[in-house]
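# Descriptive analysis of the structure
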Amino acid sequence: RCLSDWSSDVCSSDLCWMSAESQRCIAVAGGGTAGHALAGVAISRTYRESLHAETFFIGCAAGFESRLAPARGEDLVLIPGSPYARQAWTGKLTSILKLGPAVIAARRWLRMRHTDLLVSVGGYPAMSAALAARSLGIPVVIHEANADPGLANQVIARFADYVCTGFEETLGAFHGRLVQWTGNPPGVHLPDRTQQETMRRNEGAQCVLITGGSEGSPFLNREGPRLFAALGRPGTRVHHLAGRLCRGVDEIARAYADAGVDAKVDSFIDGMDRAYGEACCVIACPGALTLAEVALMGLPCLLVPLASASSNHQEANAEAFCKRGGASWVREQDWDTAKQAAWLRTLLDDPPRLAALGEQTRGLARPNAAEEIVQICESLLKNSPRRSAKS
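Overview of the structure. (Residues numbered from 1 in each chain as written. Predicted model: local features only at pLDDT ≥ 70, side-chain atom pairs only at ≥ 80, totals over all residues. Heavy atoms only, no water.)

### Regarding the packing of helix 4 (residues 89–97) against helix 5 (residues 99–112)
Between helix 4 and helix 5, the shortest axis-to-axis distance is 4 Å and the interhelical angle comes to 35°. Contacts between helix 4 and helix 5 involve S95, I96 and L97 from the first element and L99, G100 and P101 from the second. (Axes fitted to C-alpha atoms, helices over the stretch in contact; angles between N-to-C directions. Helix = DSSP H or I, 4+ residues; strand = E, 2+ residues; numbered from the N terminus. Contact = heavy atoms within 4.5 Å.)

### As for the side chain of N153
Relative to the assigned elements, N153 resides in helix 7 (residues 151–156). Since its relative accessible area comes to 1%, N153 is described here as buried. For N153, the side chain forms a polar contact with the side chain of S120, separated by 2.9 Å. When residues no more than four places from it in sequence are discounted, the contact partners of N153 are S120, V121, G122, I142, H143, E144 and F174. (Buried < 20%, exposed > 50% of the residue type's maximum accessible area, 1.4 Å probe, protein only. Polar contact = N/O pair within 3.5 Å; in protein donor to acceptor, adjacent residues only side chain to side chain.)

### A short note on the pattern of salt bridges
In this structure the tally under the stated criterion is 14 salt bridges. Note that K323 and E169 form a salt bridge whose closest N and O atoms lie 2.9 Å from each other. On the criterion of sequence distance, the pair formed by K323 in the loop between helix 13 (313–322) and strand 13 (327–329) and E169 in the loop between strand 6 (162–165) and strand 7 (179–181) is long-range, its members being 154 residues apart. The exposure class of K323 is exposed, given its relative accessible area of 57%. Of the residues examined, E169 reaches a relative accessible area of 30% and is grouped as partly exposed. (Salt bridge = Lys/Arg side-chain N within 4 Å of Asp/Glu carboxyl O.)

### Comments concerning the packing of aromatic side chains
Throughout the structure, instances matching the rule amount to three aromatic pairs. If you follow R113 out to its NZ or CZ, it ends over the ring of F56, 4.9 Å from the centre. One cation-aromatic arrangement involves R366 over W181; the distance from NZ or CZ to the ring centre is 4.0 Å. (Phe/Tyr/Trp six-rings, centres within 6.5 Å; stacked < 30°, edge-to-face > 60°. Lys NZ or Arg CZ within 6 Å of the ring centre and 35° of its normal.)

### Examining unusual backbone geometry
The phi dihedral of H114 is positive, around 50°, even though this residue is not glycine. Its location among the elements puts H114 in the loop between helix 5 and strand 4 (117–120). In this structure, N312 takes a positive phi of about 55° despite not being glycine. Among the structural elements, N312 can be located in the loop between strand 12 (301–303) and helix 13. Owing to a relative accessible area of 35%, N312 belongs among the partly exposed residues under this scheme.

### Some points on the pairing of strand 4
Residues L117 and V119 of strand 4 are buried on one face, and the alternating residues L118 and S120, pointing to the opposite face, are buried as well. Bridge analysis of strand 4 against strand 5 (residues 140–144) gives three bridges, and the strand direction is parallel. By the bridge assignment, L118 is partnered in strand 5 with V140. As for the winding sense of the linkage, the β-α-β connection from strand 4 through helix 6 (residues 124–136) to strand 5 is right-handed. (Pairing = 2+ DSSP bridges. Right-handed = clockwise from strand over helix to strand, strands pointing away.)

### A short note on the sheet that holds strand 3 (residues 76–78)
The pairing of strands in a sheet comes from backbone hydrogen bonds and takes either a parallel or an antiparallel form. Ordered by their spatial adjacency, seven strands build an open sheet running 3-2-1-4-5-6-7, and the pairing between neighbours is parallel. In this open sheet, the two strands that pair with only one neighbour each are strand 3 and strand 7. Each adjacent strand pair in this sheet contributes to an overall mean axis angle of 25°, direction not counted. The sheet contacts of helix 2 (residues 34–51) involve strand 1 (25–29), strand 2 (54–59), strand 4 and strand 5, and relative to strand 2 the element is tilted by about 165°.

### Let's talk about the sheet that holds strand 13
If you walk across this open sheet you meet the six strands as 10-9-8-11-12-13, and the pairing is parallel. The open sheet has two free edges, formed respectively by strand 10 (262–266) and strand 13, since each of these has just one partner strand. Here the average twist between neighbouring strands, direction ignored, is 15°. Pairing of strand 12 with strand 13 involves three bridges; the strand directions are parallel. Note that in strand 13 the partner of L303 across the bridge is W329. In this fold helix 10 (residues 249–258) packs onto strand 8 (206–211), strand 9 (236–241) and strand 10, with an angle of close to 170° to the strand it touches most, strand 10.

Dropping the structure here:
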C-alpha cells in the first residue's frame, strides 16, 4: 500500500494518538536561506504543537537558521558547513571538505537525541544531516519547496523514504519515489482577512510591498525607485525590503525621496505579518516561501526572478505560480520600466480588479501544508518498523 494512502487515513485529530511513553524525537535539517530555515521552523513547530514531540533543528552557523531558528524557540544544534551552489571552485571545495566532519557531528547529535525521523528542508546543512540519518537507519522525509528541486534534495531523494513537494509540478521530478504535493508552509503567522482589512484601512494610502527575499535582489533595489518615479502616483506608499546582503539601504531610501515617493526601506524584517497585512499588492522575487505567504494573504503580484538564483530555480517557481492566475512575471533582462509602471497604475486604479486578482492568488494557498507534512511523517513511522537512534 502506498504511503499517500496511509497519510490520507490520518486526520488532524489522529495527531494526538501517542502516549508520553512513545514521544517522538524529530530532527529538522536545512537552511542557508531564510526560506529554507522558516519552512523548517514551521514543520518543527507544528510537530511540537500537534504531538508534543521533542524537536531540534540541525543547521550551520553561516546560514539564516543560526539567527531565525533560536529566535522562534527552536532548539538549534550547529554542524560544520558552507554553501556549495553559486560558489567559485574554492568555495565548492571548502563545502565538500566540510561534508565529512559535518556527517560525524550530525550522527553524534542524532544518536544523542534518540532521533526517530529526520525532515530535510533543503540547503547545504541538509545534506550532511540526511547522510548521517541514513547511516543510522533513521527514516528521512524531504520537503522540497521549489518547483525545480535543489541540489541537496536531489541527492537526498535517492535514499529518502518520502518526498513532500511545494508545487504540484515537482511531483514528476521524483518519479519512482513515494511523493505527495503538500504545498509550502508559511514562515510567519499571517493576519486573517479581517485583520488585513483593518491594517489597510489604518494605513490609509495604498501600499505596495517590494521584496527580494532574505538576501535581496540587486535588480529590484535599483529598479524599484525608478518604477515608482515613472508611476507618478503620489498617493501610493512603498515598503521596500532590500535584503540582508544589501549595503545600500540609505541610498535606496534617498532614490525614493528624490523621486517624491513615500517609501520605507528595510534590509530585513523578522516578522513579515505586518508588511503583508498593509500591502495591496507585491513586487517580489519568487522564492518558494514568499509565494506561499503571498498566496495565503491573497495578494496580486508581479514576480521578477532573481537572475543569479541557483539553477535559475526562481523562474520555474514563477512559471508554476503564474499559470494559475493572480500573478504575472517578467525576467530581469525583459524589464521595461514604462510598461511595468503602466501595468501597476492600471491595477492600483481598479480596486475591483485588484481584489479579483487577489482572490485568484488566494486560491493557490495551501494553509495546512505543515500539518500534511507531519501527517506523512507519522504515517511513515506508524506503518513501517520503528527505527531510531536509540542505541
